[in-house]
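Geometric and topological summary
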Amino acid sequence: MYYIGLDVHKETISYCVKDATGHVRREGKIGSTRRELDAWIQTLPQPRMMAMEATIFTGWIYDYLLPHAEKVKVAHPLMLRAIAASKKKNDRIDAGKIADCLRCDFLPECHMASTEIRDRRRTLRYRHLVVRQVVQMKNRISGLLMESGVSYDKQRLHKMGYFTELFSTNEEISDSIRPLLRLGREHILRGQRLDRALISSLERDPLLSERLRRLRTIPGVGSITALTWALEIGDYTRFPSVKQAISYCGLCGAEKSSADKVMRTPISKQRNKHIQHVLVEAAKLAPRYSHELALLRDKEIQRGSKNRATLAVARKLVAYMLAVDRRQQDFVPAEELAAKAVA
């Protein structure tokens, strides 16, 4: 077996080929294009395994090389301490160290979702970008009105009827900001239409539709929460326990233990930030729709703060969604299960 380490960049890829004993057989640099990868692959010895560090360019290279190697692995960049802590660091050395980690089975491998899931995840994250831009534009419109001393109803400002009436009848709006307000409102409407179109296309996708329907049977889980769970988690079987899923979602603190000292830190930054944000927001509303979650929230509030209660509800939602995925069945509340058991 030959072990190939790749140090991937935007325009170039540095590589190092080592055998099982660690001797360098080949090393060099190629362009990061499909044409050059094709020519390079033909010159490599077989059988071979490849590894690279996770970057923004990793996805398409991983898919392209996967048919041409026994295995292709992607390393977690934060876990490659041997590279980050080196005194001497360049692309050639980095590729060699990645090949050594692969050869010794010390590579901190990270999960690579299937191409289908990654393509749909890209659409969902693009939707998040659109929503952020819409919110920024709403805040900017409010800022323009406040700068000009215009009186308006904050709760109704961005509703279509009220904004049109305000724009046409309020004499406090100066001519200098009217074009900016009109452009801002058009940007918001375009963003909202694009948001609806993206969500609708994902919900109708045959790969996701049945899974999303089951997830939405959980109280407090709507379209966005279900989509984010399905596309950010991907293959739920990679989590043997609920605790691992909770950790991936960033709903628990880190542990630093040494000798007899155990120290728990606040919420860890090593998490999937996309699903963490959605779950926290869903946990704030879920107790309104579930008696069981409302009891959990009240219990945690008595023991601590509202933030602690929100995290407890979010962890329970993770347990619910993971159970629904594993059983491939609709969610059934605990009260109904108890009633059926008694009957």
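Keep in mind that what you see is a predicted model, and the values were worked out from it rather than measured.

1. Some thoughts on the pattern of salt bridges
With the rule as written, the count across this model stands at 20 salt bridges. In this structure, Arg118 and Asp63 form a salt bridge, with 2.6 Å as the shortest nitrogen-oxygen distance. With a gap of 55 residues between them, Arg118 in helix H5 (residues 115–147) and Asp63 in helix H2 (residues 58–65) connect regions that are remote in the sequence. Among the residues examined, Arg118 registers a relative accessible area of 14% and is labelled buried. Among the salt bridges present, the one from Arg125 reaches Glu232, with a minimum N-O distance of 2.7 Å. Within this pair, whereas Arg125 is found in helix H5, its partner Glu232 is found in helix H9 (residues 223–233), the two being separated by 107 residues in sequence. Exposure remark for Arg125: the relative accessible area of 32% places this residue in the partly exposed category. With relative accessibility at 0%, the residue Glu232 sits in the buried group.

2. Notes on the pairing of strand E4 (residues 48–53)
Of all six residues in E4, five are buried; the element is thus mostly enclosed. The pairing of E4 with strand E5 (residues 71–75) spans five bridges and is parallel. Opposite Met50, over in E5, you have Val72 as the bridge partner. Handedness of the E4-H2-E5 crossover: right-handed.

Cut-offs used in this document
- Residues numbered from 1 in each chain as written.
- Predicted model: local features only at pLDDT ≥ 70, side-chain atom pairs only at ≥ 80, totals over all residues.
- Heavy atoms only, no water.
- Salt bridge = Lys/Arg side-chain N within 4 Å of Asp/Glu carboxyl O.
- Helix = DSSP H or I, 4+ residues; strand = E, 2+ residues; numbered from the N terminus.
- Buried < 20%, exposed > 50% of the residue type's maximum accessible area, 1.4 Å probe, protein only.
- Pairing = 2+ DSSP bridges.
- Right-handed = clockwise from strand over helix to strand, strands pointing away.

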